[in-house]
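What follows is each chain in one-letter form.
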Amino acid sequence: MTALSAVARRARCPDVLQALALFLAALLFVLAVRWPGGGGANETWFALAPTRAALLALIAMGFGAAEAREPPARRRATAGAVLVFVVASVPFEVASYAASYPAVPLWWPSVLPFIETFAYFCLGTALARAAALARLDAFLTLLVPLTLIAATWLDVRLGLDLLNPLTSSQSVAWPHALLMVALAVAGAVWLAWPGRRAAATDGEGASAP
Amino acid sequence: MLLLWARRRAGGARRRPHRPALAWLVLVAVAVAGSARGQGADGARVILGLGGKLVAGAWNPLEVTVRDAAATTLEVRIDEGDLVTGPRIVRYRASLPGGSGVSVFDDDLYVPAFQTLSWRLVSAGRVLASGSLGAREADGRPLQVVVSADPGAWRAAYPSDARVVDVAAPELPARAAAYDGVASLLIDGTAASPRTASVAAAAAGGAEVLLAGALPASQAGLARLAGSGVSRLGAGEVRRVPASVGAASRALADWHEQDRGALLAALAATPLVRSPRSAPQPLVLSLAAAYALLALLSLRFGGTPGVLATVALALVLSVAGWRLMRPPAAVISAGRTLMVGGGELALGLSVAERLTLPAGEVSVAGAARPLTPEPYLTDAGGTHVQLPRWHGVTLALRPSLGQAALRYQGGRLRNAGTTALRDVYVVGMGAQGDLAAGASRAVAPGEEGAASPMMARLGALLPRGTALAEGPQRLWVALPPTITDGGTPP
């Protein structure tokens, strides 16, 4: 089974589809609320981009945490399915960016969400492992949003731009990008490495609905 | 400062017998601070305003002289803010090439009504000269310039509150913008002769030039500017008057200068650029909803091809969305020029409008000033204004001179340009139709009402008999001729 077909199988699972449907509905809602009815400044992107980034971070972290105990192949498939969320929401981002004409260059909101989403997925997995070690698995559903809120609060308090997904798309922030790349690379290694040890369970994990 | 010194002197004169020398120093310091002139220790000199007298709310000539200096930079910083808005900084920066000998740099600088104005001349990290002016020096009254060996003799020709300034003939610049703050220029022929180009620039720039009495033969060129007695030249006129205070006073009282500020305001009254309209919301929402549904269905039922189809659809829609939604340019520009002509010369009053969609800097080439209160910078690259997103600014460009295409000649309206002028309209006479290049026409009563609201606005500000016409990218104005100008006013 190729990686793509594994992703396709994971993407058709109800949990992923429901999350995607909610995610796209949220973006549609932002478009409906913020798109200007007549003339004047189009500020849609400034609402849509943070919403998209925050939701992607939440979804990625949630799936990462939920799949922490799953076999590596399934985790990889889920990570791929979460990246489909990023691709599927690109037209919303591009259209609103085009109409709003923000000063931030287009490559930034185009590239960053892929890295950011994968990084948050890995962060979610790490969070679940940490919660398991601390025997706090029962609170994982709360820990995911709380971690995001805490990261955002910490960024705002310290005046940094490291973890906050709400502001990450608004301007080119290299510290944030570097941290996300570091998290994504570490996560990728983590996802790939145990895969060899648990190769025997791959088929089982990937075929799960 | 002077008062403080006087109080101290009353109690300490015995102890400090050398105080009178100090008093003179203080007097000189006060006198220097009161004018926009400054001289540094290295022979560097900056003069702002004609004869060192600047006019707030007008373009002022600027002259910088440096001697044996490396490349030098002049920085002027003007705070035009107020108590309500706080500081609002206008900056001007000019680079002067270095070299041996004396280097002179001339330019025109718009000086708004200011709280403080400071300048400094920097060369190789060293300040050659600097100075500052306070709000009290921001005098908006126009200058009445006298070029005479005995300027005091003409003082009575002006109202008591007029700003009469005597200027040496060589100090008169030959740039129309330099006379923006000048109401009149009186030359009586007793001093050295000014250059004809300077006098023509003063008249074309909108000043009333009075040639008082019989000018010496060496100034015959000036006399020719006045024609047989009075002649329109650009936005102003040149008039010969008898060498008497009364005659000069009457001529000055009769002169009605065009309100160039009002003309600029009329020119910029309607927006030149409009912010782009976004695609209709229902269309955007319908397309987005259809796409979302299609993506979900592809993923649910398409398997691997469904994922690929979703990716392809996202890419195609992104490209289509970009092409449909993206406004054509980040900065939308437009401009309009009004050429106010009298005789062969015309004063160009231009406005440029810039609308930026992303937050950033907008620029126009050359010196300009925003018509709305905005901080800005003028340097060799032009005039730059920082704007927030989806904001526009209208800038008035420095006035310039050009050849008048529309003019009165022999009592007839003539198109001296190379392209046809459309919708000729004469204030008080009505529409005159189009005027082909090189053609002329007698003014006759025509259909009432100007061809466009813009013309109507401008016509309301101009004297009866003024002709207006639309040319390519320009609006032409021909001020009515005077009786002795070779024709009768219509």
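Conventions used here
- Residues numbered from 1 in each chain as written.
- Chains lettered and ligands numbered in written order.
- Predicted model: local features only at pLDDT ≥ 70, side-chain atom pairs only at ≥ 80, totals over all residues.
- Heavy atoms only, no water.
- Helix = DSSP H or I, 4+ residues; strand = E, 2+ residues; numbered from the N terminus.
- Rg over C-alpha atoms; globule rule 2.2 N^0.38 Å.
- Buried < 20%, exposed > 50% of the residue type's maximum accessible area, 1.4 Å probe, protein only.
- Contact = heavy atoms within 4.5 Å.
- Areas by Shrake-Rupley, 256 points an atom, 1.4 Å probe, with all protein chains shown as cover.
- Buried area = accessible area lost by both parts, 1.4 Å probe.
- Salt bridge = Lys/Arg side-chain N within 4 Å of Asp/Glu carboxyl O.
- Polar contact = N/O pair within 3.5 Å; in protein donor to acceptor, adjacent residues only side chain to side chain.
- Nonpolar A, V, L, I, M, F, W, Y, C, P; charged D, E, K, R; others polar.
- Pairing = 2+ DSSP bridges.
- Axes fitted to C-alpha atoms, helices over the stretch in contact; angles between N-to-C directions.
- Domains from an automatic or database assignment.
- Parallel < 35°, antiparallel > 145°, perpendicular 65-115°, else oblique.
- pLDDT = per-residue confidence, 0-100.
- Core = buried A, V, L, I, M, F, W, Y, C linked by side-chain atoms within 4.5 Å.

Enquirer: Tell me what's going on with the overall build of chain A, and back it up with residues and numbers.
Expert: Each helix and strand in chain A was counted, giving 10 helices and zero strands. Secondary structure elements in chain A, listed N-terminal to C-terminal, are α-α-α-α-α-α-α-α-α-α. The C-alpha atoms of chain A give a radius of gyration of 17 Å, which matches the 17 Å a tight globule of 209 residues would have. For the C-alpha atoms alone, the extent of chain A along its principal axes is close to 60 × 40 × 30 Å. Counting only residues that meet the buried cut, chain A has 51% of its 209 residues in that class. Counting contacts in chain A only where the partners sit at least 6 residues apart, residues at least 24 apart contribute 76% of the total. About 9100 Å² of surface is accessible on chain A, with carbon and sulfur atoms providing 72% of the total.

Enquirer: Can you break down the interface of chain B and chain A residue by residue, with the values?
Expert: Across the contact, 36 residues belong to chain B and 38 residues belong to chain A. Of the roughly 3200 Å² buried between chain B and chain A, counting both surfaces, carbon and sulfur atoms make up 71%. For the pair chain B and chain A, the interface holds one salt bridge. In this structure, Glu43 of chain A and Arg389 of chain B form a salt bridge, with 3.1 Å as the shortest nitrogen-oxygen distance. Across the contact surface, chain B and chain A share 11 residue pairs in polar contact (both at pLDDT 80 or more). Looking at the side of chain B that touches chain A, the elements with two or more residues in it are helix 7 (281-301) and helix 8 (303-325) of chain B. Broken down by element, the residue count for the side of chain B that touches chain A peaks at 11 residues, all from helix 8 of chain B. Taken together, the residues that form the side of chain B that touches chain A break down as 25 nonpolar, seven polar and four charged.

Enquirer: With reference to specific residues and values, describe the sheet that holds strand 23 (residues 406-409) of chain B.
Expert: Residues and elements named next belong to chain B. Spatially, three strands are ordered 23-24-27 in an open sheet, and the strand pairing comes out antiparallel. Looking at which strands have only one partner, the edges of the open sheet turn out to be strand 23 and strand 27 (440-442). On average, each strand axis in the sheet is inclined to that of its neighbour by 30°, with strand direction left out of account. The pairing of strand 23 with strand 24 (residues 412-415) spans four bridges and is classified as antiparallel. Each bridged residue has a counterpart across the sheet, and for Gln409 the counterpart in strand 24 is Arg412.

Enquirer: I'd like to hear about the sheet that holds strand 5 (residues 89-96) of chain B, residue by residue, with values.
Expert: Residues and elements named next belong to chain B. Read across the open sheet, the seven strands follow the order 8-7-4-5-19-20-17; overall the sheet is mixed. Each of the sheet's edge strands pairs with one partner strand only, and the pair in question is strand 8 (126-134) and strand 17 (360-364). Within the sheet, the average angular offset between the axes of one strand and its neighbour, ignoring direction, is 15°.

Enquirer: Summarise helix 5 (residues 90-100) of chain A; cite the residues concerned and give the values.
Expert: For helix 5 of chain A, the buried fraction is high: 11 of the 11 residues fall into the buried class. Listed in full, the buried residues belonging to helix 5 of chain A are Val90, Pro91, Phe92, Glu93, Val94, Ala95, Ser96, Tyr97, Ala98, Ala99 and Ser100 of chain A. Summarising the contacts, the buried residues of helix 5 of chain A are in contact with helix 2 (14-34), helix 3 (44-66), helix 4 (72-88) and helix 6 (107-133) of chain A together with helix 7 and helix 8 of chain B. Just downstream of helix 5 of chain A, Tyr101 of chain A is the residue with a positive phi angle, here 55°.

Enquirer: Explain the pattern of salt bridges to me, using residue names and the numbers behind them.
Expert: All names here are of chain A. Scanning the model with the defined rule gives 19 salt bridges over all chains in all. Between Arg10 and Asp15 there is a salt bridge whose closest N-O contact spans 2.9 Å. Take Arg10: its relative accessible area is 2%, and that puts it in the buried class. In this structure, Arg52 engages Glu93 in a salt bridge whose closest nitrogen and oxygen atoms are separated by 2.7 Å.

Enquirer: Help me get a handle on the pairing of strand 16 (residues 345-356) of chain B, residues and values and all.
Expert: The two faces of the sheet receive side chains in turn, since in a regular strand these alternate between them. Residue and element names in this part refer to chain B. Among the 12 residues in strand 16, 12 count as buried, and that is most of the element. Across the two faces of strand 16 the burial is the same, with Leu345, Leu347, Leu349, Val351, Glu353 and Leu355 and Ala346, Gly348, Ser350, Ala352, Arg354 and Thr356 all buried. If you look at the hairpin formed by strand 15 (residues 331-342) and strand 16, you'll find two residues sitting between the two strands, and Gly343 has a positive phi there, around 70°.

Enquirer: Outline the domain arrangement of chain B, listing residues and values.
Expert: Residues and elements named next belong to chain B. Domain annotation of chain B identifies domain 1 (2-137), domain 2 (143-257), domain 3 (264-274 + 331-401), domain 4 (281-325) and domain 5 (405-485). The straight-line distance from the C-alpha centre of domain 2 to that of domain 3 is 31 Å. Summed over both sides, the interface of domain 2 with domain 3 buries roughly 660 Å², with 78% coming from carbon and sulfur. Broken down residue by residue, the surface that domain 2 buries against domain 3 is led by Ala177, Ala204 and Gly234, which jointly contribute 47%. Between the two partners, domain 2 and domain 3, sit zero salt bridges. Broken down by class, the residue content of the side of domain 2 that touches domain 3 amounts to six nonpolar, two polar and one charged.

Enquirer: A description of the packing of helix 3 of chain A against helix 4 of chain A should follow, citing residues and the corresponding values.
Expert: Residue and element names in this part refer to chain A. Between helix 3 and helix 4, the shortest axis-to-axis distance is 10 Å and the interhelical angle comes to 170°. By the criterion of interaxial angle, the relationship of helix 3 to helix 4 is roughly antiparallel. Between helix 3 and helix 4, the residues in contact are Arg52, Leu56, Ile59, Ala60 and Phe63 and Thr78, Val82, Phe85 and Val86, respectively. Of the residues in the contact of helix 3 with helix 4, the class split is seven nonpolar, one polar and one charged.

Enquirer: Please give an account of the confidence of the model for chain B that cites residues and values.
Expert: All names here are of chain B. Overall, the prediction assigns chain B a mean pLDDT of 86, with 89% of residues at 70 or greater. In this model residues 1-34 is a low-confidence stretch, pLDDT under 50, and it forms 14 contacts with partners more than four residues away in sequence or in other chains. Low pLDDT, under 50, characterises residues 483-490; the predicted model gives this stretch 18 contacts beyond four residues in sequence or across chains. Prediction confidence for the complex, expressed as pTM and ipTM, is 0.81 and 0.89 respectively.

Enquirer: Quick one: what's the story with the nonpolar core, residue by residue and with numbers?
Expert: Leu20, Phe23, Phe63, Phe85 and Phe92 of chain A are the most contacted members of the largest nonpolar core, which has 60 residues in total. When residues in this core are grouped by element, the largest group, 10 residues, is from helix 2 of chain A. The contact partners of Phe85 of chain A, leaving out residues within four places of it in the chain, are Val16, Ala19, Leu20, Phe23, Leu56, Ile59 and Phe63 of chain A. Core analysis: the next-biggest nonpolar cluster, separate from the first, contains 37 residues, Leu48, Leu109, Phe114 and Trp119 of chain B among them.

Enquirer: Lay out the side chain of Gln258 of chain B with the relevant residues and their values.
Expert: With respect to the helices and strands, Gln258 of chain B occurs in the loop between helix 5 (245-254) and helix 6 (260-267). The residues contacting Gln258 of chain B, other than those within four sequence positions of it, are Ala235, Leu263, Leu462, Pro463 and Leu479 of chain B.

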